[in-house]
Amino acid sequence: LHNTDLPKMGTPHRTSTIGLLALLFSGGLVFAGIHTLSQMRTLNTVGNDYNNDAVAYSAEVGKLTMQMGYGGFIHHFKNYVLRGTPAYFKESNRNLEDIFSTLVKIEELAQRDEERTAIITIRSTFDEYQKKLFLAQKMEIVRESCREQV
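Residues numbered from 1 in each chain as written. Predicted model: local features only at pLDDT ≥ 70, side-chain atom pairs only at ≥ 80, totals over all residues. Heavy atoms only, no water.

## Some words on the overall build of the protein chain
So, step 1. When its secondary structure is counted, the protein chain shows four helices and zero strands.
So, step 2. When its helices and strands are written in sequence order, the protein chain yields α-α-α-α.
So, step 3. Taking all 150 residues of the protein chain together, the buried fraction comes to 21%.
So, step 4. If you sum the accessible surface of the protein chain, you get close to 10900 Å²; carbon and sulfur atoms cover 62% of it. (Helix = DSSP H or I, 4+ residues; strand = E, 2+ residues; numbered from the N terminus. Buried < 20%, exposed > 50% of the residue type's maximum accessible area, 1.4 Å probe, protein only. Areas by Shrake-Rupley, 256 points an atom, 1.4 Å probe, with all protein chains shown as cover.)

Structure follows, in structure tokens:
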């Protein structure tokens, strides 16, 4: 404030007005600071939640990779198709259940549309594998029946 802004006020009134304005300005700064700290805490919490979700997502994707790959579904499926051993059918079916369960968990953690699209594609692929597993089972039953007749 300039002396010309308050021409009719005496010095005590001018000092009181300046003090009141300074107090209001300081109060506004304190409020803004508290609000900013609150927002930073919220941002930190959201960031931590995102990080936790990202770690969980990565862990589930790693688990899915193991369930699908060699030593998992594809291994057991191949062995069932080649050998027709019931144990391989059982393991393939169990692997499929695990894969579908893991896909549900991954879907819950997915953040982006690209991830959701990939999940749909993977689920569709393993739906087809499941159909082929049951087709292979039917073929194995026919093969066993033929063996018995020979």
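## A closer look at the nonpolar core
So, step 1. In terms of nonpolar packing, the biggest core is built from 17 residues, with F73, L96, I99, L103, F126 and L133 touching the most fellow members.
So, step 2. Going through the elements one at a time, α1 (11-68), α2 (73-83), α3 (86-109) and α4 (113-149) are the ones with two or more residues in this core.
So, step 3. With seven residues, α3 is the single largest residue contributor to this core.
So, step 4. Look past the residues within four positions of L133 in its chain and what remains in contact with it is F77, Y80, F89, S92, N93 and L96. (Core = buried A, V, L, I, M, F, W, Y, C linked by side-chain atoms within 4.5 Å. Contact = heavy atoms within 4.5 Å.)

## Structural notes on α4
So, step 1. Here α4 contains 37 residues, and its C-alpha end-to-end distance of 54 Å stays within 8% of the 54 Å for a straight helix at 1.5 Å per residue.
So, step 2. Looking only at α4, the buried set comprises E115, I119, F126, L133, A136 and E140. (Expected span 1.5 Å × (residues − 1).)

## What about the pattern of salt bridges?
So, step 1. Throughout the structure, instances matching the rule amount to nine salt bridges.
So, step 2. In this structure, the salt-bridge partner of R123 is E107, at a minimum N-O distance of 3.3 Å. Of this pair, R123 sits in helix α4 while E107 sits in helix α3, placing them 16 residues apart in sequence.
So, step 3. Look at the salt bridges and you will find they share partners, linking E91, R94 and D98 into a network. (Salt bridge = Lys/Arg side-chain N within 4 Å of Asp/Glu carboxyl O.)

## Looking at the packing of α3 against α4
So, step 1. Here α3 crosses α4 at 165°, and the two axes come no closer than 11 Å. Our classification of the angle between α3 and α4 gives roughly antiparallel. Crossing handedness for the pair α3 and α4: left-handed. Facing F89, S92, N93, L96, I99, F100, L103, V104, I106 and E107 of α3, the residues of α4 in contact are I119, I122, R123, F126, D127, Q130, L133, F134 and Q137. (Axes fitted to C-alpha atoms, helices over the stretch in contact; angles between N-to-C directions. Parallel < 35°, antiparallel > 145°, perpendicular 65-115°, else oblique. Left-handed = near helix turned anticlockwise from the far one by under 90°.)

## Side note on the packing of α2 against α4
So, step 1. Closest axis-to-axis distance for the α2/α4 pair is 9 Å, and the angle between their directions is 25°. Of the possible angle classes, the one that applies to α2 and α4 is roughly parallel. As for the relative orientation of α2 and α4, their crossing is left-handed in sense. Contacts between α2 and α4 pair F73, I74, F77, Y80, V81 and R83 from the former with F126, Y129, K132, L133, A136, Q137, E140 and R143 from the latter.
So, step 2. In terms of residue class, the contact of α2 with α4 is built from nine nonpolar, one polar and four charged. (Nonpolar A, V, L, I, M, F, W, Y, C, P; charged D, E, K, R; others polar.)

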